[in-house]
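# Close look at the chain arrangement
Here is how the chains run, residue by residue.
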Amino acid sequence: MQIQQKLKDLSELVMLQHSFFSMPFMFIALLTSAKGWFGWKLFIFGVIATISARNFAMAFNRYADRKFDSTNPRTQNRPSVDGRIAPNAILFFIFVNAVIFVCISYFINALCFYLSIPILAILASYSLFKRFSSLAHIVLGLNMGLAPIAGAIAASGEIPLWSIYLCIGVLFWVAGFDLLYALQDIEHDKKEGLHSIPSVFGVTKTLWLSRLFHLLTLVFWGLFIFEANLGLWMWIGLGISILALFFEQYLVSKNFHHIPRAFFTVNAYLGIALLGFCILDLMAGL
């Protein structure tokens, strides 16, 4: 029973269910590179690599932000703050997931292995970046935007132009909804001297910047579909994305109490929906 509780605490620490934000885009890149099914080896390795990378990034963030999380009413009950998981245990968890990620990268291909350490450095940088720059939202977007590039490298051993477009689209998508999420912490960020766009520029400018980022998301996802020569189903998926992002912006503009719903529900389903349309598109082309 104690082991089960510890596993539950670890899952809460890294918010494991949020792997659905980036994982679908890694699979979209794998499918696009392979022009269809890419094999069970890459499927299993891809899942392990994505989860271990995200566990590393989230645990590093929780460890680095313990002081700030303890003064924020929204985050005071996190396992890293309330004592359920000791700091040394978090460090060990970070180390284990870093080793898993590097080892899995080695067994995929040489380029994945060579880039594994730089990728871990980028993943860790978000937690430190917000201490001195409001560009932390962009860095978080880059963290998740690396998923489709990693998928393309795993399948083909190279970085095609379409994967860069998909990466930039994911970057702006994540940065856009992170801006909305950060609206909850304006006063706390000001008090602690943390750099966030909402705390520096205010609510109105943040909302408009988030809308601009989501518009750029749609532009770059359109460029991805065009460059990868995908078909009608993916264009329909882009249309669904327009509706989803519009709905997300509408929810938040109406009431900030809708931020968790917009952040967790809309965005999780959006990635899964796009993956579904990618599968339909490739099946239609067979």
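Our structure is the block above this text.
In this report, we go over the structure that sits alongside the text. (Residues numbered from 1 in each chain as written. Predicted model: local features only at pLDDT ≥ 70, side-chain atom pairs only at ≥ 80, totals over all residues. Heavy atoms only, no water.)

## Some thoughts on the overall build of the protein
Counting its secondary structure elements, the protein contains 13 helices and zero strands. Mapped in sequence order, the helices and strands of the protein form the string α-α-α-α-α-α-α-α-α-α-α-α-α. Against the 2.2 N^0.38 benchmark of 19 Å for 286 residues, the protein shows a C-alpha radius of gyration of 19 Å, consistent with a compact globule. Dimensions of the protein, computed from C-alpha atoms along their principal axes, come out at roughly 55 × 40 × 35 Å. (Helix = DSSP H or I, 4+ residues; strand = E, 2+ residues; numbered from the N terminus. Rg over C-alpha atoms; globule rule 2.2 N^0.38 Å.)

## Overview of the pattern of salt bridges
Taken as a whole and judged by the stated rule, the model has two salt bridges. One salt bridge in this structure joins Asp65 and Lys130, with 2.5 Å as the shortest N-O distance. Of this pair, Asp65 sits in the loop between helix 3 (40–64) and helix 4 (66–70) while Lys130 sits in the loop between helix 6 (110–129) and helix 7 (136–156), and the two are 65 residues apart along the sequence. Judged by relative accessible area, which is 3%, Asp65 ranks as buried. We note a salt bridge from Asp65 to Arg131, for which the minimum N-O separation is 3.3 Å. Of the two residues, Asp65 sits in the loop between helix 3 and helix 4 while Arg131 sits in the loop between helix 6 and helix 7, which places them 66 residues apart along the sequence. Linked by salt bridges that have partners in common, Asp65, Lys130 and Arg131 make up one network. (Salt bridge = Lys/Arg side-chain N within 4 Å of Asp/Glu carboxyl O. Buried < 20%, exposed > 50% of the residue type's maximum accessible area, 1.4 Å probe, protein only.)

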